[in-house]
Amino acid sequence: MNDRTLEISLTVNGARVQERVEARKTLVDFLREDLALTGSHVGCEHGVCGACTVRVNGEIVRGCLMLAVQCDGAAVETIDRSIGVLLDTLLEQKLAGSTVIIMSADHGGAGRSHGPNDPRSRHIPWICTGPGIRKGYDLTRDPTLTVNTEDTFATACWFLGIRPPGKIDGKPIEQVLDDRELLRDAKVTTTK
Ligand code: FES
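In this report, the structure presented in the accompanying data block is examined. Keep in mind it's a predicted model, so treat the numbers as computed, not measured. (Residues numbered from 1 in each chain as written. Predicted model: local features only at pLDDT ≥ 70, side-chain atom pairs only at ≥ 80, totals over all residues.)

## Quick notes on the overall build of the protein chain
Along the protein chain, the regular secondary structure elements total 3 helices and 7 strands. In sequence order, the protein chain lays out its α and β elements as β-β-α-β-β-β-α-β-β-α. For the protein chain, the proportion of contacts with a sequence separation of at least 24, taken over those separated by at least 6, is 50%. (Helix = DSSP H or I, 4+ residues; strand = E, 2+ residues; numbered from the N terminus. Contact = placed C-beta atoms within 7 Å.)

## Some remarks on the pairing of strand β4 (residues 59-62)
Sheet topology places strand β3 (residues 53-56) next to β4; 4 bridges connect them, and they run antiparallel. Considered in β4, the bridge of Thr53 is made with Arg62. Between the antiparallel neighbours β3 and β4 lie 2 residues, among them Asn57 with a positive phi of about 50 degrees. (Pairing = 2+ DSSP bridges.)

## Overview of the sheet that holds strand β2 (residues 15-22)
The pairing of strands in a sheet happens through backbone hydrogen bonds and is either parallel or antiparallel. In space, the 5 strands of this open sheet follow the order β2-β1-β5-β3-β4, with mixed pairing throughout. Pairing within the sheet leaves two strands with one partner each, and these edge strands are β2 and β4. Averaged over all pairs of adjacent strands, the angle between strand axes in this sheet comes to 40 degrees, irrespective of strand direction. Note that strand β1 (residues 5-12) and strand β5 (residues 75-77) share 2 bridges and pair parallel. Paired with Thr11 across the two strands is Ala75, which belongs to β5. (Axes fitted to C-alpha atoms, helices over the stretch in contact; angles between N-to-C directions.)

## Observations concerning helix α2 (residues 79-92)
With 14 residues, α2 extends 20 Å from end C-alpha to end C-alpha; this agrees with the ideal 20 Å at 1.5 Å per step. Phi turns positive one or two residues past the end of α2, at Lys94, with a value near 55 degrees. (Expected span 1.5 Å × (residues − 1).)

Here is the structure:
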């Protein structure tokens, strides 16, 4: 051991892990960089956006606000495992080829809070995958696009061909489609 690293022992998604880790490394960085568990993301780094959320000893925590060394002896669970369980179930049920998955957070953030009248509180991390969805396309590189909480509902309606009565808040995130013509007939009326 030296001044800057410590050896920790923990379980991650049920597997025993023993690693030497920098004393100042956050839990989310440890999971992503040392264990290649990239389901938890680094967003605001201030405990606001929720992109780094993991479970430690059954409690939901922000991985950006906890040090990896604080998890010595703990049981850590990440979204990577949950996604694996979901995908295994879809494969077992032969639904993987016809299912689109959207992963998101329930709200965004503004500074260190998410004030109700601040539009940043509706700006969320958003991931979509499945048949017909563009692979490796980073929505954050589109300077004209902001994905908000209400867009998930609009997109789900759009995928399912549901036409809500009247206008709804939110817009379908069409940019994720490989072929935008695919769902042309299923578009819903929105406030886009
Ligand atoms: S990165 Fe941890 S809450 Fe945003």
